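Coordinate inspection notes
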Amino acid sequence: MSTATDQIQPNDGTGLPDYPGTRSPGCPFDPPPVQAGWRRAEGLTRVRLGNGNIAWAVTRYEDVKQLLGDPRLSADGRRYPQLMETQQHGKQPQTFPRMDDPEHSRIRRTLTGEFTVKRVEAMRPRVRSMVDRFLEEMITAGSPADLVQAYALPIPSLVIALLLGVPYDDRAFFQTRSAVLMRRGAPQEERQAASGELFDFVLDLVKRKEREPGDDLISRMVTERVATGELSHLDVAMNSMILLHAGHETTANMIGLGTLALLENPRQAARIRDTDDPKVVAGAVEELLRYLTIAQDMLVRVATEELLVGGHLVREGEMLVSGLPSANRDGTFEGADSLDLDRDARGHLAFGYGVHQCLGQSLVRVELQEALPALLRRLPNLRLAVPLEEVRFRHDMVVYGVHELPVAW
Ligand code: HEM
């Protein structure tokens, strides 16, 4: 066992490796190679995060599970402001992903009913018709196209807009603000402005829906939760903002990067394209989620007491970061560095683990199960329109993916 006191730890982070590290240009789907070294090393590795904070990087599958399932680790941004990428201000209440139980689960529970498998399955026909619509529009506009702008981003943006009751015509507004919040190293003033504008936009909508409720999640929150005193208007606005923000860019990047991974692995792509078995497609989507694990840099916690993680003594008040991309590539999955759409990838950590595990995961699954096969079937000649080296990868964002994906058919 190594102990924190055994080690020389510079306080200002000088000389520490940067987290998450740099991906290898030739292997854009693999986590930064340095993380494989951290995974093999004993104990944990001290790293410097993009915002200058110092943390222990946890990169092995079992250690990440232990960390995310341990109530002695806190996600509470009021108790530990270093957990907040964007300092909230003014009237904005705390976001529930940055709270601990029981407060966190009290708020989360008001939303879980909206994201059950049953509720989301009921949305599948609508998702399918959106997929067809954006596909036809892209084809009509002609080859080549940027798949991100024409397909990957519109689908989840429209899905989440309809679910919440946010006008889709306002997409440019919410997409640009969200993008600022996703940018690693965006200046604090820019972050606060984006977060404030997004919050005010949603708060206005909450008030409007109180006067004229519709058949949407925000209206249901207002009529069912505010009326009973369970949530305040501000809470509803904050929840809606989180869902709007979390709900489109993440899935968009899985569609964009997932498509690229399939184009680069044609035999695997054929597995999805040539089957009409929904189970094969569902399994393939799990494997893509595991293999790509796009949440590269956002899972931070603070130890509320001294504890052992990965045989390493972590002291109270120290920060830890979960390396999901690395954890999903360790020996838990045989031949983990290859994309194998026939493997059983269940149990992967792409959506995190424990009480904060992704609320929207059933929705993501339906969106990917619809968007990826439809694209490959409708455009069997789909190909990258530029050399792979020219694709701009999102090294600079909390969620990995591609900024653009020029494709031809
Ligand atoms: C491919 C798409 C997505 C990925 C990879 C993803 C990944 C994640 C991960 C790793 C977490 C855990 C964060 C933590 O433990 O600190 C998380 C939490 C969360 N996700 Fe997702 N997500 C995706 C899409 C979505 C969508 C579509 C929604 C909403 C419609 C959503 C809503 C949330 C919320 C609200 C939380 C916080 C849950 C809590 O703290 O209780 N996500 N997501």
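Residues numbered from 1 in each chain as written. Predicted model: local features only at pLDDT ≥ 70, side-chain atom pairs only at ≥ 80, totals over all residues. Heavy atoms only, no water.

Here we come to the packing of aromatic side chains. Within the structure shown, the criterion is met by 6 aromatic pairs. For the ring pair Tyr-19 and Trp-38, a centre distance of 6.2 Å and an interplane angle of 25° mean the geometry is stacked. In this pair, Tyr-19 sits in the loop between strand S1 (2–3) and helix H1 (33–40) while Trp-38 sits in helix H1, placing the two residues 19 residues apart along the sequence. Look at Phe-29 and Tyr-291: their rings are 6.3 Å apart centre to centre, the planes differ by 40°, and that puts the pair in the tilted class. Of the two residues, Phe-29 sits in the loop between S1 and H1 while Tyr-291 sits in helix H12 (residues 278–292), which places them 262 residues apart along the sequence. Neither Phe-29 nor Tyr-291 differs from the other in exposure class; each is buried. (Phe/Tyr/Trp six-rings, centres within 6.5 Å; stacked < 30°, edge-to-face > 60°. Helix = DSSP H or I, 4+ residues; strand = E, 2+ residues; numbered from the N terminus. Buried < 20%, exposed > 50% of the residue type's maximum accessible area, 1.4 Å probe, protein only.)

In this fold, Thr-116 is placed in the loop between helix H3 (103–112) and helix H4 (117–141). Separated by 67 residues in sequence, Thr-116 and Arg-183 have C-alpha atoms that sit 30 Å apart. Among the polar contacts made by the side chain of Thr-116, one reaches the main-chain amide nitrogen of Arg-119 at a distance of 3.1 Å. (Polar contact = N/O pair within 3.5 Å; in protein donor to acceptor, adjacent residues only side chain to side chain.)

Turning next to the confidence of the model for the protein chain. Interpreting fine coordinate detail is not advised for predicted regions of low pLDDT. Of the residues in the protein chain, 97% reach a pLDDT of 70 or more, and the chain-wide mean stands at 93. In this model, residues 1–10 is a region of pLDDT below 50 whose contacts with residues beyond four sequence positions or in other chains number 23 contacts. (pLDDT = per-residue confidence, 0-100. Contact = heavy atoms within 4.5 Å.)

Let us look at unusual backbone geometry. With an omega dihedral of 5°, the bond running from Tyr-19 to Pro-20 counts as a cis peptide bond. When you line up the elements, Pro-20 lands in the loop between S1 and H1. In this structure, the amide linkage connecting Ser-143 to the following residue, Pro-144, adopts the cis form with an omega of 0°. Its location among the elements puts Pro-144 in the loop between H4 and strand S5 (145–146). For Thr-293, which is not glycine, the phi dihedral falls at a positive 25°. Structurally, Thr-293 can be placed in the loop between H12 and strand S6 (300–303).

In spatial order, the strands read S5-S11-S10; together these 3 strands make up an open sheet with antiparallel pairing. On the outer flanks of this sheet lie S5 and strand S10 (383–384), each paired with one strand and no other. Where S5 lies against strand S11 (residues 406–408), 2 bridges are found, and the strand directions are antiparallel. Counterpart to Ala-145 in the pairing with S11 is Val-407. (Pairing = 2+ DSSP bridges.)

Right, let's get into the packing of helix H9 (residues 217–226) against helix H10 (residues 233–264). Interaxial distance between H9 and H10 falls to 10 Å at its minimum, and their mutual angle equals 150°. The angle between H9 and H10 falls in the class roughly antiparallel. As for the relative orientation of H9 and H10, their crossing is right-handed in sense. From H9, Leu-217, Ile-218, Met-221, Val-222 and Val-226 reach across to H10, where they touch His-233, Val-236, Ser-240 and Leu-243. Looking at side-chain class alone, the contact of H9 with H10 contains 7 nonpolar, 2 polar and no charged residues. (Axes fitted to C-alpha atoms, helices over the stretch in contact; angles between N-to-C directions. Parallel < 35°, antiparallel > 145°, perpendicular 65-115°, else oblique. Left-handed = near helix turned anticlockwise from the far one by under 90°. Nonpolar A, V, L, I, M, F, W, Y, C, P; charged D, E, K, R; others polar.)

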